[in-house]
Amino acid sequence: MKRILPFALAAALLLAGCDKETTLHSGLEEQQANLVMAALLDAGISCHKEPGAEGTWNVLCTEQKFAAAVNLLERQGLPRRAHQGIGEVFKKTGMISSPSEERIRFMDALAQDLAKTISMIDGVVDARVHVVLPENDPFARNALPSSAAVAIRARWDSDIADLVPSVKGLVKNAIEGLAYDKIQVTIFKDTPPLK
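Residues numbered from 1 in each chain as written. Predicted model: local features only at pLDDT ≥ 70, side-chain atom pairs only at ≥ 80, totals over all residues. Heavy atoms only, no water.

**Q** How do you make sense of the sheet that holds strand β1 (residues 21–28) when you look at a structure like this?
**A** Sheet strands associate in pairs through backbone hydrogen bonding, adopting either a parallel or an antiparallel arrangement. With respect to topology, three strands assemble into an open sheet ordered β1-β3-β2, the strand pairing being antiparallel. Both edges of this open sheet fall to β1 and β2 (47–51), since each of them pairs with a single strand only. Neighbour-to-neighbour, the strand axes of the sheet open up by a mean angle of 25°, direction not taken into account. When β1 meets strand β3 (residues 57–62), the two strands line up antiparallel, connected through five bridges. What sits directly across from T23, in β3, is L60. Contacting β1, β2 and β3, helix α2 (residues 30–42) crosses the sheet at an angle of about 165° to β2. (Pairing = 2+ DSSP bridges. Helix = DSSP H or I, 4+ residues; strand = E, 2+ residues; numbered from the N terminus. Axes fitted to C-alpha atoms, helices over the stretch in contact; angles between N-to-C directions. Contact = heavy atoms within 4.5 Å.)

Structure representation (C-alpha cells):
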C-alpha cells in the first residue's frame, strides 16, 4: 500500500499538469465574456473569466479543450463583433471635415447601427449592412436612388427567412428616401456542428 501511494501521487501531479489553462479571448466587455462562458459551459467545456486590462475580461479554458472551444464559438458567432455607433464614428480628428468625409462617416454610422440592431434578432449570428446614398444634384432631373444590401449570418438551426420583410422594413424606415424594392437581404446559414 505504501508503494502505491507515491505512484498515485505522481499520477495525480501529472494529470494536474495536463490541465494547463490558456487564454481563449482577451479584452472582452463583461457581457461578451459572459456570453462566451455560457456557450462553453452549455457544451460542457470548463472555463472561467479573469479581469483584463482597462475594465475588460479574459476568458480562459484548458489547452485540451482549446480547439473544441474555438470551433464552438466560431459556429455561434461569439464573441460578437463590436459595432461603433454614430457618436463614435462621427468623432472628428481634425479641425475641419470635408462634406465628403462627413457623408462617408454618416453612411458608415448608419450601416453599423442597422447591423447592430439586426444582429440582436434571435437566430442571427452577425449582420452587415451596406448603404449607398448617391450624392445627387438637387437641380438634376434624373436622381440616382439610394440602395442597401444586408448580409445576415444565421445559426444553422434557425429559420429566419420569414423575417426578411421585417428586416427590409426596418432598413427602409431608417434611411430617408430609400425604397423597399432597393433593399437586398441575403441570408447565409452556418454549417451544422459535427456530431
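Moving on, there is more to tell.
**Q** In this structure, what is going on with the sheet that holds strand β4 (residues 124–132)? I would like to understand it.
**A** Taken in spatial order, the three strands line up as β4-β5-β6 in an open sheet, and their pairing is mixed. Pairing within the sheet leaves two strands with one partner each, and these edge strands are β4 and β6 (183–189). Between one strand axis and the next, the sheet turns through 15° on average, direction left out of account. Bridging between strand β5 (residues 147–154) and β6 involves seven bridges; their strand directions are parallel. Looking at the pairing, I152 lines up with I187 of β6.

**Q** I'm lost on the packing of helix α5 (residues 99–119) against helix α6 (residues 164–174) in this one. Help?
**A** Relative orientation and spacing of two packed helices are given, respectively, by the angle between their axes and the distance between those axes. Interhelical geometry of α5 versus α6 gives an angle of 150° and a closest axis separation of 11 Å. One element, α5, and the other, α6, form an angle in the roughly antiparallel class. When the axes of α5 and α6 are compared, the crossing they make is right-handed. Residues L110, L114, T117 and I118 of α5 pack against V167, L170, V171 and A174 of α6. (Parallel < 35°, antiparallel > 145°, perpendicular 65-115°, else oblique. Left-handed = near helix turned anticlockwise from the far one by under 90°.)

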